[in-house]
Amino acid sequence: MENISLVGLSRQVALQRELDVIANNLANLNTTGFKGDEVVFQEFISPTARDDTFQRGADRRMSFVWDRATATNLGQGPMESTGNSLDVGLGGRGYFVVQTPDGERYTRNGSFEINAQGQLVTKQGYQVLGDNGPIAFDQSDTGITITRDGTISVIGNNATNQPAGQRGRLRVVDGNTPRAMEKAGDNLFTLRGGAQVANLPPANVDLRQGYIEKSNVTPVLEMSRMIEVTRAYTALASSIERHDQLRRDAIRSLGNPTS
Amino acid sequence: MRALHTAATGMMAQELTVQVISNNIANMRTTGFKRQRAEFQDMLYDQQRRAGMQNSQQGNVLPVGIAIGSGVKPAATSRVMSQGNILPTEKDYDVAIRGEGYFRVQLPDGRTAYTRDGSFELNDQGQLVTVDGNLVDPGITIPTTARGVTINPSGTVQVTLQNQVAPQTVGTIQLSRFVNKAGLESIGDNLFLETAASGQPTTTAPNVDGMGSLLQKNLEQSNVTAVSEISDLIAAQRAYEMNARIISAADQMLQSTSQIMR
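In this text the structure is predicted, and so the values were computed from the model without any measurement.

Asks: So, the UniProt feature "domain: Flagellar hook protein FlgE/F/G-like D1" (unreviewed entry) in chain A: which residues are in play, and what are the values?
Replies: Under the UniProt annotation, "domain: Flagellar hook protein FlgE/F/G-like D1" (unreviewed entry) lies at residues 92–154 of chain A. For residues 92–154 of chain A, the helix share is 0%, the strand share is 48%, and the end-to-end C-alpha distance is 26 Å.

This is how it looks when you write it as structure tokens:
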């Protein structure tokens, strides 16, 4: 008979974790390039504990719930215009490549800066990689233009305002499987074990200079999920409570031979 | 419950957004002001079940794991360096920059600061100064006998002296620009300082080498647009509310559990 509590408990633990995920999504409502997470539930059929208390025909297996995984929703976030020439919104597939002390990391946050050495860096100061390594600007460069395929050209130190040349092309990669990327915090993704990245061909890259990709979290969806989670949790709590009451009543009446 | 703390980081992030927005709105009428934007990053993920692990019973590999994030943290308040509207003022010493560049200003302690605020005045010695009295660098002195002053788009300052027909050049206003102007440090009073992130200034006359041109009798307004600030404010306020709802939801769940034991 304890199974009622245990099945309820398995669901409650899963619901708590789902609320944790919803909380993280909502906390990152304004995080540039953020991708929301979803919890994937699975039925877990108990291999040993069988509900054969009452011997009604065949054994019936217990089924618990299991929060098997969190899946990242990789859908496109809305683009917001910022007017900064070093903000790059990434449309469609792909990730920018950044060089961190722990190796290459990937990001959808294209809000870049230039460091004291003139190199293109993220807000944390990690180098943004181009097709030929880090991208660097001269001090006299101005009028930085980034085309749709990521080619960066500048107006240099000349009076004619003619393009002075190219400063490289932003490297945009994608994993070889849909789930190749794993979140690493700081708006970065890291490659899952065994997965690989490949450069996207320039024709498949869709960059927008002066834009950033906002978080793809849909507040309405998250709020309705949150309500669902609280209601389910409360309902389970009351069912556990009723079960407890049932047991208490049973003990009281069965343990009293005079009644 | 992790959700309580996660939502708290979300609420703090929205508070920061509101602070930045309120400073933008407060400076809506500040000459040459550039609006700021708060930027955020997600925090570390707790890998509760790693993807790629062997699923012991069947020998399958888990395609996805459980990774639960722990909230949000501020990453930067970056400045949006777009051009502000240029408004005519009919004052001789009001100068707006159209395009790239900053005026150079000599601070009393000897440092050089940079500004887009070209509402200049003359001090008692006839020197061109900012409204705070800081000297414009390189220094420009207008003779007391000058009748009219013209500042042309290339920065040349010309005056016509009394009893003379031909205008005389008294100096040239120079501009400085930075490879990463978003990396300049704001020190208030519409002034910026050079930092390691901004790089060193390139200084030339206006209108050459990609530098902006000057516009006399005009001032650059702030680039704050009321409509977008207010809509950002509404978005931040609603996001704050939603994070607060998570806290009450988590509280309600904990309460329903604790009430079982009476």
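Asks: Could you give an account of the pattern of salt bridges, naming the residues involved and the relevant values?
Replies: Within the structure shown, the criterion is met by 33 salt bridges over all chains. The partner of Arg208 of chain A in a salt bridge is Asp206 of chain A, with the nearest N and O atoms 3.0 Å apart. Arg208 of chain A sits in the partly exposed class, given a relative accessible area of 34%. Residue class for Asp206 of chain A comes out partly exposed when judged on its relative accessible area of 22%. The partner of Glu222 of chain A in a salt bridge is Arg225 of chain A, with the nearest N and O atoms 3.5 Å apart. Here Glu222 of chain A pairs with Arg225 of chain A, and both are found in helix α2 (residues 219–254), just 3 residues apart, close to one helical turn. Looking at Arg225 of chain A, the relative accessible area reads 21%, which means it is partly exposed. One network of salt bridges, in which partners are shared, links Asp87, Glu113 and Lys123 of chain A together with Arg37 and Glu39 of chain B.

Asks: Break down the nonpolar core for me, citing the residues and quoting the values.
Replies: With 23 residues, the main nonpolar core has Leu19, Leu26 and Met226 of chain A together with Ile246 of chain B as its most contacted residues. Mapped by element, the contributors of at least two residues to this core are α1 (3–27) and α2 of chain A together with α1 (2–26) and α2 (226–258) of chain B. In this structure, Leu19 of chain A is in contact with Met226 and Val229 of chain A together with Met1, Ala3, Ile246, Ala249, Ala250 and Met253 of chain B, ignoring residues within four places of it in sequence.

Asks: With reference to specific residues and values, describe the domain arrangement of chain B.
Replies: Residues and elements named next belong to chain B. When its domains are assigned, chain B resolves into domain 1 (2–81 + 224–261) and domain 2 (86–220). Here domain 1 and domain 2 have C-alpha centroids that lie 42 Å from each other. Contacts between the two partners involve 6 residues from domain 1 and, on the opposite side, 10 residues from domain 2. Where domain 1 abuts domain 2, roughly 810 Å² becomes buried across the two surfaces, and 55% of that area is made up of carbon and sulfur atoms. Its largest share of buried area at the contact with domain 2, domain 1 owes to Thr31, Arg79 and Met81, together 63% of the area lost on that side. Joining domain 1 to domain 2, the criterion identifies 1 salt bridge. For Lys34, the salt bridge goes to Glu220, with nearest N and O atoms at 2.6 Å. Across the domain 1-domain 2 interface, the total number found is 4 residue pairs in polar contact (both at pLDDT 80 or more).

Asks: Explain the sheet that holds strand β14 (residues 146–151) of chain B to me, using residue names and the numbers behind them.
Replies: Residue and element names in this part refer to chain B. With respect to topology, 3 strands assemble into an open sheet ordered β14-β15-β16, the strand pairing being antiparallel. A single partner strand is all that each edge strand has here, and the edge strands are β14 and β16 (168–172). Recorded for the sheet is a direction-independent mean angle of 25 degrees between the axes of neighbouring strands. As defined by bridge partners, strand β15 (residues 156–161) adjoins β16 across 4 bridges and the pair is classed as antiparallel. From the neighbouring strand, Gln158 faces β16, where its bridge partner is Thr169.

Asks: Let's hear about the packing of aromatic side chains: which residues, and what values?
Replies: All names here are of chain B. Per the counting criterion, the structure on display carries 6 aromatic pairs over all chains. Ring centres of Tyr102 and Phe192 lie 5.9 Å apart, and the angle between their planes is 70 degrees; on these two criteria the pair is classed as edge-to-face. Taken together, the residues span a long stretch of sequence, with Tyr102 in strand β9 (residues 102–106) and Phe192 in strand β19 (residues 191–193) at a distance of 90 residues. Both rings, one in Tyr114 and one in Phe178, keep their centres 4.9 Å apart while their planes meet at 90 degrees; by these two values the pair is edge-to-face. With Tyr114 in strand β10 (residues 112–115) and Phe178 in the loop between β17 (175–177) and β18 (185–186), this pair connects stretches of sequence that are 64 residues apart.

Asks: Account for the interface of chain B and chain A, naming residues and giving values.
Replies: Across the boundary between the two partners, chain B contributes 69 residues, which contact 69 residues of chain A. Here chain B meets chain A over a buried area of about 5,500 Å², counting both sides, of which 52% is carbon and sulfur. When residues of chain B are sorted by the area they lose upon contact with chain A, Val179, Met253 and Ile260 of chain B head the list and together hold 12% of the total. Put simply, chain B and chain A have 4 salt bridges between them. Ionic pairing is found between Lys73 of chain B and Asp186 of chain A, a salt bridge with its closest N-O pair at 2.4 Å. Taken together, the elements giving at least two residues each to the side of chain B that touches chain A come down to α1, β1 (36–42), β2 (45–49), β5 (66–69), β6 (72–79) and α2 of chain B. The element that contributes the greatest number of residues to the side of chain B that touches chain A is α2 of chain B, accounting for 13 residues. Along the lines of polarity and charge, the residues of the side of chain B that touches chain A split into 31 nonpolar, 24 polar and 14 charged.

Asks: Can you lay out the environment of Phe96 of chain A for me, pointing to particular residues and giving the numbers?
Replies: Residues and elements named next belong to chain A. Counting through the fold element by element, Phe96 comes out in strand β5 (residues 95–100). With relative accessibility at 0%, the residue Phe96 sits in the buried group. The spatial distance from the C-alpha of Phe96 to the C-alpha of Val172 is 5.0 Å, given a sequence separation of 76 residues.

Asks: Outline the packing of α1 of chain A against α1 of chain B, supporting the account with residue identities and numerical values.
Replies: Interaxial distance between α1 of chain A and α1 of chain B falls to 8 Å at its minimum, and their mutual angle equals 5 degrees. Compared by their axis directions, α1 of chain A and α1 of chain B come out roughly parallel. Across from Leu19, Asp20, Ala23, Asn24 and Ala27 of chain A in α1 of chain A, the residues of α1 of chain B making contact are Arg2, Ala3, Thr6, Ala7, Thr9 and Gly10 of chain B. For the contact of α1 of chain A with α1 of chain B, the class distribution of residues is 5 nonpolar, 4 polar and 2 charged.

Asks: Which residues make up the confidence of the model for chain B, and what are the values?
Replies: Any residue range with low pLDDT should be treated as having predicted coordinates unsuitable for detailed reading. When pLDDT is averaged across chain B, the result is 89; 94% of the residues are at 70 or more. For this predicted complex, the interface score ipTM comes out at 0.78, while the overall pTM is 0.83.

Asks: Please give an account of the side chain of Arg167 of chain A that cites residues and values.
Replies: All names here are of chain A. Structurally, Arg167 is set in strand β13 (residues 163–169). Reaching out from Arg167, the side chain makes a polar contact with the side chain of Asp138 at a distance of 3.5 Å. If we ignore the near neighbours within four places in the chain, the residues touching Arg167 are Ile135, Ala136, Phe137, Asp138, Asp141, Ile152 and Val154.

Procedures and definitions
Residues numbered from 1 in each chain as written. Chains lettered and ligands numbered in written order. Predicted model: local features only at pLDDT ≥ 70, side-chain atom pairs only at ≥ 80, totals over all residues. Heavy atoms only, no water. UniProt positions renumbered as here; feature names shortened; annotations may be inferred. Helix = DSSP H or I, 4+ residues; strand = E, 2+ residues; numbered from the N terminus. Salt bridge = Lys/Arg side-chain N within 4 Å of Asp/Glu carboxyl O. Buried < 20%, exposed > 50% of the residue type's maximum accessible area, 1.4 Å probe, protein only. Core = buried A, V, L, I, M, F, W, Y, C linked by side-chain atoms within 4.5 Å. Contact = heavy atoms within 4.5 Å. Domains from an automatic or database assignment. Buried area = accessible area lost by both parts, 1.4 Å probe. Polar contact = N/O pair within 3.5 Å; in protein donor to acceptor, adjacent residues only side chain to side chain. Pairing = 2+ DSSP bridges. Axes fitted to C-alpha atoms, helices over the stretch in contact; angles between N-to-C directions. Phe/Tyr/Trp six-rings, centres within 6.5 Å; stacked < 30°, edge-to-face > 60°. Nonpolar A, V, L, I, M, F, W, Y, C, P; charged D, E, K, R; others polar. Parallel < 35°, antiparallel > 145°, perpendicular 65-115°, else oblique. pLDDT = per-residue confidence, 0-100.

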